[in-house]
Every structure is written in C-alpha cells, then in structure tokens.
Amino acid sequence: MKKVLIISVLLIATIAGYFIYKSFFVKPAIKIIETARAETGSIRAVLVASGIIKPQVGAVVKVGTRATGAIIKMNVKVGDRVKKGQLIALIDDREVQKLIKQQKASIKDAEANYSYAKINYQRQLELIKYDYTTKDQVDIAKNKFDSALAILEERTANLKQTEIRLSYTKIYAPIDGIVSDVTAQEGETIVAGLQVANLVTVINPTLLEMWIYIDETEIGRVKLNQKVEYYVDTFPDKRFKGDIQKIYPQPVVKDNIVYYLSIVKVDAEDAAFLKPEMTANVRVIFEEKTGILTIPNSAVKFERGKQVTYKVTGPNAVEKVEIKIGLRGEEKTEVISGLKEGEEIATKLILPIQAKP
C-alpha cells in the first residue's frame, strides 16, 4: 500500500513538473500560414449598394387615340419593332370622311356667296363715287360681304377641325422601339371620353438608367460624376460601368430604412444586355489613390484599439508592429507609417494563446 502511494505521488509530481516546464521554459509555437509584402500600388474605396434598371424618361410612350370607333386595322403585336411614324392602327373613319365631304361642298357654296358679295360691294363703292347709288345700298352690300366672309371662315375652320378628328383615326408610332403592350385588337370598338384611350405602349430598349438605393448613413460619400461598376445576376461575369449623374433629394423609405436615389445612365451598348426592373449589384467608387504603400486587408489586425501587423523576421518568427493606416479598399489597405516597401508580413498565422496575468 505504501509502495502504491509513493508511485502515485511521483506520477503527480512528474505531470506537474511537465506543465510547469512547458509553461515557463518552452516557448509557445507560432505558425505562419500565408504571407505578403508591403508594396507600392493603388487602392479604391467602394460603397456597395443595390440598384434597379429602369427606363429613362421618354423611353416608354403610351400611344392613344381621341377617336371613337371600331379598330379596322391593328398592325402590331407585342414584341414587334416599330419605327417612328409607322402606322400602328387604323380606326373606322367613314363617318368623319363623309362629314369632310359635306363640309367641303358647303365651303364651295360659301366661297361662291363670298365672291358675289365681294364683287357687289366693290361695285357699290365705285357707284357711290358718282352718286349712282345710295349710302344705304353700300352699307347693305358691305354687311352681306362681311357676313359671307364670316360664314366662309367658319366653315373653313370647321373643316380643319374635322380633318384633325380624321387624323385621330390613324395611330402612328411616336418613337423607334419595341411594342411592349397592346390593349385592343381589330374589331373592338373604342369610345374616347375625357381621357385618351391607350392602345399600344412602345418602349425604346436603348434608353435605360439605373436607380441606386444609397443608405442614409452612406449618402454623404456619394457625389456627382463618381464612377460606378455593376453587374446583374444573369451576367455575373460581365461588368458594366457608368457614373452618377443625379442624386435625388427626396428620400425613399423601404422596410423602415431611408434611402436616397442616385441615377446612372446606361450606355446604349450595355442596354443591349439589360432589361427594365433587373436588379443590379453596385459598387460606387468614392475614392481612389495611386502610388501608395499597401498591404492586404487580412494583414491588418486590431488589438486594444490600435492597428498592428505581424512582420516576418524568420521561419515561423514574427514581430508585432504598430502601423498607421489610411484608405481601406476592397482588398488592400494604405499604410502611412510603420512599414517599408518590400517588408514581408503575415496575412494568415496562428499565434499561441497567451497566459492571463
């Protein structure tokens, strides 16, 4: 029994001695996994946001008519390309054409009466010079002339108004584009009331812009003419570029978050790949620097309120260095002081756990 007790005491002492030796005499191991070098380069700081592709003002035109009648010809369907001035639809114009014919005949009568009244009035004016007529006859001739002129002008004006009504029966494409909506077909009757009846919607697919929703906490960094890069999910490997042309002062509230819209015009070449209402993943480049000392973001550590990095001094050996940083970009950070160009730093390493005092 005494022998067993002695062995147990010796075993405990050995284990305790091992841990004491390891804690005070064995230096904790450092393992460097990846390194990089401080080097001169460029950095761009970006603001990540989401955007929506939208048609520009004037890119979508709803084509309507103020004429009432049956559609006797509809020349387009959804998806058709149209040119400005192309005849899209024709509304029954027989009643208007008949009215125009009647008005033209009426104008001929009015023109004949006007010509006779004019000649008679001029004749009375000549006769009064030689006292071959009376002033009353001159006045009567003038009144008839004035009346004939007024009737002629009225009927001419009515004809012009009817011709305008006739123009409403022919619907033309207002812009080059693609038909995106057709609300009526051949044979249907449209009744024009106080509002214009919409028949066809035409969109110019090359006139697009992007609305960027900038969080209220970030809007202070956004300025006009800043460069923008973005992509859409359907083309994840294709990068589109533009610049901020407008910043709307009126906020937009979504899910209790305040945003401000920044507008980027889409180039015609890029518009060939994009469609309205597509969601865009956006990077707004709000600052760029070149010719500065940089290190990877992963090399910058924050310890006790200070920025530090670990400079490699040998195999699995590092020295903690306090640094002052400047611009922080997507992948790299600017180093203002604490490192020199070419020095090797650890970007990924395993540090031993320090014993608490």
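As the structure is a prediction and not an experimental result, all values here were calculated from the model.

Colleague: So what exactly am I meant to see when it comes to the pairing of strand β11 (residues 208-215) here?
Modeller: Looking along a regular strand, one sees side chains alternate from face to face of the sheet. In terms of burial, β11 is largely enclosed, as 6 of its 8 residues are buried. Of the pairings in the sheet, the one linking strand β2 (residues 39-55) to β11 comprises 6 bridges and is antiparallel in character. Within the sheet, the bridge partner assigned to Ile53 lies in β11 and is Met210.

Colleague: Can you help me understand the nonpolar core in this one?
Modeller: Nonpolar side chains tend to gather and get buried jointly when the protein is soluble and globular. Ranked by size, the top nonpolar core spans 21 residues in total, and within it Met210, Ile212, Val228, Tyr230, Leu274, Val282 and Val284 carry the most contacts. For this core, the secondary structure elements donating two or more residues are β2, β11, β12 (227-232), β13 (235-254) and β15 (279-296). Among the elements that line this core, the one with the most residues is β11, at 4 residues. When neighbours within four sequence positions are excluded, Ile212 is seen to be in contact with Ala49, Ser50, Gly51, Val228, Tyr260, Leu261, Ser262, Val264, Val282 and Val284. Residues Val76, Val82, Ile175 and Val179 belong to the second largest nonpolar core, which totals 19 residues.

Colleague: Mind showing me how you'd approach the pattern of salt bridges here?
Modeller: Working definition: two side chains of opposite charge can pair if their charged atoms are close together. Within this structure, the stated rule accounts for 17 salt bridges. Here Lys77 and Asp80 are joined by a salt bridge, their closest N and O atoms 3.6 Å apart. Taking the shortest distance from any N to any O, the salt bridge between Lys142 and Asp146 comes out at 2.8 Å. Placement of both Lys142 and Asp146 in helix α3 (residues 135-167) is noted, with a separation of 4 residues, approximately one turn of the helix. Residue classification places Asp146 among the partly exposed residues on the basis of a relative accessible area of 32%. Sharing partners across several salt bridges, the network here consists of Arg44, Glu229, Arg283 and Glu330.

Colleague: Before we go on, may I ask you to explain α3 in this structure?
Modeller: Taking 1.5 Å per residue as the helical rise, α3 with its 33 residues ought to reach 48 Å, and the 48 Å between its terminal C-alpha atoms agrees with that figure. Those residues of α3 lying buried are Val138, Ala141, Phe145, Ala148, Leu152, Leu159, Thr162 and Leu166. The elements touched by buried residues of α3 are α2 (94-129) and β7 (170-172).

Colleague: Looking at this structure, how should I read the side chain of Gln103?
Modeller: By secondary structure assignment, the location of Gln103 is in helix α2. Residue classification places Gln103 among the buried residues on the basis of a relative accessible area of 15%. When near neighbours in sequence (up to four residues on either side) are disregarded, Gln103 contacts Asn158, Leu159 and Thr162.

Colleague: Can you walk me through α2 in this structure?
Modeller: A turn of α-helix holds 3.6 residues, and therefore any two residues three or four places apart point the same way. Between its terminal C-alpha atoms α2 stretches 53 Å, which fits the 52 Å expected from 36 residues at 1.5 Å a residue. Burial in α2 covers these residues: Val96, Ile100, Gln103, Ile107, Ala110, Tyr114, Ala117, Asn120, Tyr121 and Gln124. Packed against the buried residues of α2 are α3. At the C-terminal side of α2, Asp131 shows a positive phi close to 60°.

Colleague: Please clarify how the sheet that holds β7 should be interpreted in this entry.
Modeller: Within a beta sheet, neighbouring strands are joined by backbone hydrogen bonds and run either parallel or antiparallel to one another. Sheet architecture is open: 4 strands sit in the order β7-β6-β4-β9, paired in antiparallel fashion. If you trace the sheet from one side to the other, it starts and ends with β7 and β9 (189-190), each paired once. Bridge analysis of strand β4 (residues 69-74) against strand β6 (residues 87-91) gives 3 bridges, and the strand direction is antiparallel. When the bridges of β6 are listed, Met74 appears paired with Ala89.

Colleague: Help me understand the packing of α2 against α3 in this model?
Modeller: Relative orientation and spacing of two packed helices are given, respectively, by the angle between their axes and the distance between those axes. Viewed as axis vectors pointing N to C, α2 and α3 meet at an angle of 160°, and their least axial separation amounts to 8 Å. Judged on the interaxial angle alone, α3 and α2 are roughly antiparallel. α3 is crossed by α2, and the crossing has left-handed handedness. Here the contact of α2 with α3 is built from residues that sort into 19 nonpolar, 10 polar and 10 charged.

Colleague: I tried to follow unusual backbone geometry on my own but got confused; where do I start?
Modeller: Note on backbone geometry: most residues besides glycine have negative phi, and most peptide bonds are trans. The backbone of Arg304 shows a phi angle near 55°, a positive value even though the residue is not glycine. Following the sequence through the fold, Arg304 ends up in the loop between β16 (301-303) and β17 (306-314). Judged by relative accessible area, which is 87%, Arg304 ranks as exposed. In this structure, Asn316 is a non-glycine residue whose phi angle is positive, near 50°. By relative accessible area, which is 42% here, Asn316 ends up partly exposed.

Colleague: Where do I start with the packing of aromatic side chains in this structure?
Modeller: Remark: the centre distance and the inter-plane angle together describe each pair of aromatic rings, the angle taken between the planes. In total, this model carries 7 aromatic pairs according to the counting rule given. With centroids separated by 6.1 Å and ring planes inclined at 85°, the aromatic side chains of Tyr213 and Tyr259 adopt a geometry described as edge-to-face. In this pair, Tyr213 is assigned in strand β11 and Tyr259 in strand β14 (residues 257-265), connecting sequence segments 46 residues apart. A centroid spacing of 6.3 Å and a plane angle of 55° characterise the contact between Phe240 and Phe273, whose relative ring orientation is tilted. Residue Phe240 is located in strand β13, and its partner Phe273 is located in the loop between α4 (268-271) and β15; the two are separated by 33 residues in the primary sequence. Given a relative accessible area of 0%, Phe240 falls into the buried group. Given the relative accessible area of 34%, Phe273 is considered partly exposed. Sitting above the plane of the Trp211 ring, Lys54 keeps its charged end 5.0 Å from the centroid.

What counts and how
- Counting from 1, residues in each chain are numbered in the order their sequence is written.
- Totals for whole chains, interfaces and linings use all residues, but because this is a predicted model, local features are given only for residues with pLDDT of at least 70 and pairs of side-chain atoms are given and counted only at 80 or more.
- With hydrogens and water excluded, all non-hydrogen atoms of the structure serve as input to the side-chain values.
- Partly exposed describes any residue whose relative accessible area lies between the buried limit of under 20% and the exposed limit of over 50%, with all areas from a 1.4 Å probe on protein chains only and scaled to the type maximum.
- In DSSP terms, a helix is any run of H or I states spanning at least four residues, a strand is any run of E spanning at least two, and both are numbered starting from the N terminus.
- In this description, strands pair whenever DSSP reports at least two bridges between them.
- Residues grouped as a nonpolar core are buried Ala, Val, Leu, Ile, Met, Phe, Trp, Tyr and Cys residues, joined through side-chain atoms within 4.5 Å.
- Whether two residues are in contact is decided by their heavy atoms, any of which lying within 4.5 Å being enough.
- Think of a salt bridge as a Lys or Arg side-chain nitrogen and an Asp or Glu carboxyl oxygen that are within 4 Å of each other.
- Expected helix span is computed as 1.5 Å times (number of residues minus one).
- Lines fitted to the C-alpha atoms define the axes, with helices restricted to the stretch that makes contact. Angles between their N-to-C directions range from 0 to 180 degrees.
- With respect to orientation, any angle under 35 degrees is reported as roughly parallel, any angle over 145 as roughly antiparallel, any angle of 65 to 115 as roughly perpendicular, and every other angle as oblique.
- Crossing handedness follows the turn of the near helix against the far one: under a right angle anticlockwise gives a left-handed crossing, and clockwise gives a right-handed one.
- Residues are grouped as follows: Ala, Val, Leu, Ile, Met, Phe, Trp, Tyr, Cys and Pro are nonpolar; Asp, Glu, Lys and Arg are charged; every other residue, Gly included, is polar.
- The criterion for an aromatic pair is that two Phe, Tyr or Trp rings (for Trp, the six-membered ring) have centres within 6.5 Å, with stacked assigned to planes under 30 degrees apart, edge-to-face to planes over 60 apart and tilted to the rest.
- For a Lys NZ or an Arg CZ to count as sitting over a ring, it must be within 6 Å of the ring centre and within 35 degrees of the ring normal.

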